[in-house]
Amino acid sequence: MRCTSPGNVLGHAGSELHALLFSSLRSLDEDFAAKIHALELKPFALGPLLGRSNREGGYLNIEKDSLYSFDLATLEAEMTGFLPRIKIYLTENDIRLGEASFCLEEATQLFKKPRPYFKLMASNEEKEELEVLFKSPACFRRDGKLKLFPLSELLIPGLAKRWAHFSDVPLPEINLDSIMVSKYGLKTSLVKFDRYNLVGFRGYCNYSFTEEACDIDRWSLSVLLKFATFAGVGYKTTMGMGQIRVL
């Protein structure tokens, strides 16, 4: 997107991008938008706004004529079917995020065809150690409290729950006691939203296995982390948080 009118955008633009997506869906199919909004597990994940900007007081200062982008991943077939129509809608309408306005110049598909879940299972190998880069602030919510360290018992159950919900191919249950954090470098930061603030962490974390770990645990973790590169991890993945990359 190219900025046509500069201004400030709150946080990482998570609230604004979430609102933009639902505004697009409501214009295309109001019933579908209402159905998606009511779901506990939403079939998409949104990345933060990326591009040239200065951060000041929890806001991004967006510059006129500069280019910006965000990622949208869809996790089931019906939602994926709306992507071409969302692209047309955003091309034909001005895009407003916070105080800034944009026009869409290009929307690129990562895959030419939808990528079935079984292909995520088929393309993974068992590894003794996996390094995860947390690209956007992440946090976990348990028992009403935020958790700011990616222990396996926080990282994996949420991913496994979403996999089981959206995929038509089940994964074996992972023995969480077989996975441990072997190295990490993390830093916390405040993320502003329209009605509240959250603290998240960024950086890297390496996961390795105990001697008692079996091959199926290594394989299952590799598959789930590949899924997480689309779906995100933890809390507020529909608003730009929890974006990862597996190194």
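In the block above lies the structure referred to throughout.
Notes on the structure follow. All of these numbers come straight from a predicted model, not from anything done at the bench. (Residues numbered from 1 in each chain as written. Predicted model: local features only at pLDDT ≥ 70, side-chain atom pairs only at ≥ 80, totals over all residues. Heavy atoms only, no water.)

Judged by side-chain polarity, Leu148, Leu190 and Val199 come together as a nonpolar surface patch covering roughly 220 Å² of accessible area. With respect to the helices and strands, the residue Leu148 is situated in the loop between β13 (145-147) and α6 (152-166). On the accessibility criterion, Leu148 (34% relative accessible area) is partly exposed. (Patch = residues over 30% accessible without salt bridge, like charges linked within 9 Å, V, L, I, M, F, W, Y side chains within 5 Å. Areas by Shrake-Rupley, 256 points an atom, 1.4 Å probe, with all protein chains shown as cover. Salt bridge = Lys/Arg side-chain N within 4 Å of Asp/Glu carboxyl O. Helix = DSSP H or I, 4+ residues; strand = E, 2+ residues; numbered from the N terminus. Buried < 20%, exposed > 50% of the residue type's maximum accessible area, 1.4 Å probe, protein only.)

Turning our attention to the packing of aromatic side chains. Under the definition given, this model contains 11 aromatic pairs. When the ring of Tyr117 is compared with that of Trp163, the centres are 5.0 Å apart and the planes differ by 90 degrees; the resulting orientation is edge-to-face. One end of the pair, Tyr117, is in helix α5 (residues 117-122); the other, Trp163, is in helix α6, and 46 residues separate them in sequence. What makes Tyr117 buried here is its relative accessible area of 13%. An aromatic cluster is present here, built from Tyr117, Trp163 and Phe227 joined pairwise through their rings. It is Arg218 that lies over the ring of Phe209; its NZ or CZ is 5.4 Å from the centre. (Phe/Tyr/Trp six-rings, centres within 6.5 Å; stacked < 30°, edge-to-face > 60°. Lys NZ or Arg CZ within 6 Å of the ring centre and 35° of its normal.)

When helix α2 (residues 30-38) is considered as a whole, its buried residues turn out to be Phe32, Ala33 and Ile36. The arc enclosing the buried residues of α2, seen along the axis, measures out at 100 degrees, which places them on a common side. In α2, those exposed residues whose orientation departs by more than 90 degrees from the buried face are Glu30, Asp31 and Ala38. Turning to α2, the residues buried within the fold contact α1 (14-28), β3 (44-46) and α3 (77-80). N-cap assignment for α2: the residue whose side-chain oxygen lies 3.2 Å from the backbone N of Asp31 is Asp29. (Arc of directions from axis to C-beta. Contact = heavy atoms within 4.5 Å. Polar contact = N/O pair within 3.5 Å; in protein donor to acceptor, adjacent residues only side chain to side chain.)

Attention now moves to the sheet that holds strand β6 (residues 59-62). Reading across from one edge, β2-β6-β5 is the order of the 3 strands in this open sheet, with antiparallel pairing throughout. Of all strands in the sheet, those bounded by a partner on one side alone are β2 (7-10) and β5 (53-56). Sheet twist, expressed as the average angle between the axes of neighbouring strands with direction ignored, equals 30 degrees. As paired strands, β2 and β6 are joined by 4 bridges and run antiparallel to one another. Within β6, the position partnered with Asn8 by the bridge is Asn61. (Pairing = 2+ DSSP bridges. Axes fitted to C-alpha atoms, helices over the stretch in contact; angles between N-to-C directions.)

For the rest of this paragraph, the subject is the nonpolar core. One finds Phe134, Trp163, Tyr207, Leu221, Leu225 and Phe227 to be the most contacted residues of the largest nonpolar core, which totals 36 residues. Elements with a minimum of two residues in this core: α5, β11 (129-138), α6, β15 (197-209) and α7 (215-231). Setting aside its immediate chain neighbours within four residues, Phe227 contacts Leu75, Tyr117, Leu120, Leu159, Arg162 and Trp163. Formed by 28 residues, the second largest nonpolar core is a distinct cluster that contains Tyr68, Phe82, Tyr89 and Ile95. (Core = buried A, V, L, I, M, F, W, Y, C linked by side-chain atoms within 4.5 Å.)

Our focus in this paragraph is unusual backbone geometry. Located in the positive-phi region is Asp65, a residue other than glycine, with phi close to 75 degrees. If you trace the backbone, Asp65 turns up in the loop between β6 and β7 (68-69). Looking at Asp65, the relative accessible area reads 47%, which means it is partly exposed. Non-glycine residue Asp143 carries a positive phi angle of around 55 degrees. Examined against the element boundaries, Asp143 turns out to sit in the loop between β12 (140-142) and β13. Residue Asp143 is classed as exposed on the basis of its relative accessible area, which comes to 75%.

A few words on the environment of Phe32. Following the sequence through the fold, Phe32 ends up in helix α2. Its relative accessible area of 4% is what places Phe32 among the buried residues. As a C-alpha pair, Phe32 and Phe22 span 10 residues in sequence and 9.9 Å in three-dimensional space.

By themselves, these are just geometric observations and shouldn't be taken as functional.
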